[in-house]
Amino acid sequence: MNNHYECIEASINGKLGLINLNRPKVLNAINRQMVSDILSVMEDFEENDQVRVIVLSGNGRAFAAGADIDEMAADNAIDFELRNQFKDWDRLARIKKPIIGGVQGFALGGGFELALCCDLLLAADDAEFGFPEVNLGVMPGAGGTQRLTKLAGKTKAMEWLFTGKRISASEALQFGLINRLVSKEVLMEETLKFAAEIANQAPLSIRLIKESVLKAVDVSLEEGMHFERKNFYLLFSTEDQKEGMRAFQEKRRPNFKGK
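Not measured: the values here are computed from a predicted model.

Caption draft 1: How the structure looks around the sheet that holds strand S7 (residues 128-130). A sheet is described by the order of its strands in space; here three strands give the open sequence S5-S7-S8, paired in mixed fashion. Taken across any chain shown, the strands that pair with only one partner, and hence form the sheet edges, are strand S5 (106-108) and strand S8 (167-168). The pairing of S7 with S8 spans two bridges and is antiparallel. By the bridge assignment for S8, Phe129 is matched with Ile167.

In structure tokens:
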């Protein structure tokens, strides 16, 4: 893995692949290079058998305070179409390993969209989320309207998107936008602990659970049940299923290998 990136820091710690947004002077404002760097690393982690869980965080006082407006201000619709502006965001949605985010400070605009791409989120008590795009005469374009509505429902999503209002960490927890709220001082410690807990589970089970839950969001109950059942059957062809059930019978901890 190339460890030298312009806008992020990347490393591997045991079973965890770590990505740290690293433009602290601009509160980790997201530009095209940062998104490209994130996806390059995530896809490397996806192919690395050592990495079982990806952890995403931000360096400095913010997770990411939004898109880099200076980069976008002069763009027009044809620029976006020819560049295929959100192609890297589409790749992000195809990552099969679990992604856990640790959010402190601001997660606004594109930063909020990036946080919503995580499968699980821990937030510090000082975290603030929101989509201020309406104040700039635009709207979210990397999935914000869709993911927020699926999580919080139409009514609250409309309110937050229409007003550009910031969402406190406690309100984000109340509406299911985050999994856990912790103090700022222990955010990364708790995020890594949570990630390590998941990394010790059977990797193929985690992979197919993620796939099945994401399918449930978009299809009917009947179709989702059919999809779940096929994945349930599939896991009975894995070595980890044999190991897990054998360990249960022998009253010991399983040693999952992702096979």
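Caption draft 2: Structural view of the packing of aromatic side chains. Summed over the entire model, instances satisfying the criterion amount to five aromatic pairs. Ring geometry for Phe112 and Phe131: centres 4.6 Å apart, planes at 25°, overall stacked. Of this pair, Phe112 sits in helix H5 (residues 110-116) while Phe131 is found in the loop between S7 and helix H6 (144-152), placing the two residues 19 residues apart along the sequence. In this pair, the class of Phe112 matches that of Phe131, namely buried. The rings of Phe112, Phe129 and Phe131 are connected pair by pair, giving a single aromatic cluster.

Caption draft 3: View of the pattern of salt bridges. Within this structure, the stated rule accounts for 13 salt bridges. With a shortest N-O distance of 3.8 Å, Lys96 and Glu211 are connected by a salt bridge. Remark: Glu211 occurs in helix H10 (residues 203-218) and Lys96 occurs in the loop between helix H4 (87-92) and strand S4 (99-103); sequence separation between them is 115 residues. By relative accessible area, which is 27% here, Glu211 ends up partly exposed.

Caption draft 4: Region of the structure containing the side chain of Lys210. Locating Lys210 in the fold gives a position in helix H10. Judged by relative accessible area, which is 12%, Lys210 ranks as buried.

Caption draft 5: Local environment of the nonpolar core. Core analysis: the biggest nonpolar cluster contains 47 residues, and Phe129 and Leu148 have the highest contact counts within it. Examining the composition of this core, we find that seven residues originate from one element, helix H1 (residues 32-47), more than from any other. Filtering out sequence-adjacent residues up to four positions away, Leu148 remains in contact with Phe112, Leu116, Phe131, Gly153, Ala157, Trp160, Leu161 and Leu177. In terms of nonpolar packing, the next biggest core, distinct from the first, is built from 14 residues, Leu18, Ala124, Ala195 and Ala199 among them.

Caption draft 6: Representation of the packing of H6 against helix H7 (residues 154-163) in the model. Running from N to C, H6 and H7 point in directions that differ by 135°, and their axes come no closer than 7 Å. The angle between the axes of H6 and H7 places the two elements in the oblique class. By crossing handedness, the relation of H6 to H7 is classed as right-handed. On H7, the residues that touch Thr145, Leu148, Thr149 and Ala152 of H6 are Lys154, Lys156, Ala157, Trp160 and Leu161. Among the residues making up the contact of H6 with H7, the classes are represented as five nonpolar, two polar and two charged.

Caption draft 7: View of the sheet that holds strand S9 (residues 180-182). Ordered by their spatial adjacency, six strands build an open sheet running S1-S2-S3-S4-S6-S9, and the pairing between neighbours is mixed. Of all the strands in the sheet, the pair left with one neighbour each is strand S1 (8-13) and S9. Neighbour-to-neighbour, the strand axes of this sheet turn through a mean angle of 20°, independent of strand direction. Sheet topology places strand S2 (residues 16-21) next to strand S3 (residues 53-58); six bridges connect them, and they run parallel. Residue Leu21 lies in a different strand from S3, and its bridge partner there is Gly58.

Caption draft 8: Spatial organisation of the environment of Ala10. With respect to the helices, strands and loops of the structure, Ala10 is situated in strand S1. For Ala10, a relative accessible area of 11% gives the class buried. Residues Ala10 and Asn231, spaced 221 residues apart in sequence, show a C-alpha to C-alpha distance of 32 Å.

Definitions and limits used
- Each chain carries its own residue numbering, running from 1 in the written order of its sequence.
- Local features are withheld for residues below a pLDDT of 70 in this predicted model, meaning they are given only at 70 or higher, and side-chain atom pairs are given and counted only at 80 or more; totals for whole chains, interfaces and linings count all residues.
- To obtain the side-chain values, all non-hydrogen atoms of the structure were used and water was disregarded.
- For two strands to pair, DSSP has to find at least two bridges joining them.
- Runs of H or I in DSSP of at least four residues are treated as helices and runs of E of at least two as strands, each being numbered from the N terminus.
- Ring pairs shown here join Phe, Tyr and Trp side chains whose ring centres sit within 6.5 Å, with only the six-membered ring taken for Trp; geometry is labelled stacked below 30 degrees between planes, edge-to-face above 60, and tilted in between.
- Exposed residues in this analysis have more than 50% of their type's maximum accessible area, buried residues have under 20%, and partly exposed residues fall in between, with area computed by a 1.4 Å probe over protein chains only.
- Throughout this description, the term salt bridge denotes a Lys or Arg side-chain nitrogen within 4 Å of a carboxyl oxygen of Asp or Glu.
- Remark: nonpolar core denotes a set of buried residues (Ala, Val, Leu, Ile, Met, Phe, Trp, Tyr, Cys) joined through side-chain atoms within 4.5 Å.
- Should any heavy atoms of two residues lie within 4.5 Å, those residues are counted as being in contact.
- Each axis is a line fitted through C-alpha atoms, and for a helix only the stretch in contact is used; angles between axes span 0 to 180 degrees, taken between their N-to-C directions.
- Relative orientations are named as follows: roughly parallel for angles under 35 degrees, roughly antiparallel for angles over 145 degrees, roughly perpendicular for angles from 65 to 115 degrees, and oblique for any other angle.
- Each crossing is labelled by how the near helix is turned from the far one, with a counterclockwise turn of less than a right angle marking it left-handed and a clockwise turn marking it right-handed.
- Only Asp, Glu, Lys and Arg are considered charged, only Ala, Val, Leu, Ile, Met, Phe, Trp, Tyr, Cys and Pro nonpolar, and every remaining residue, Gly among them, polar.

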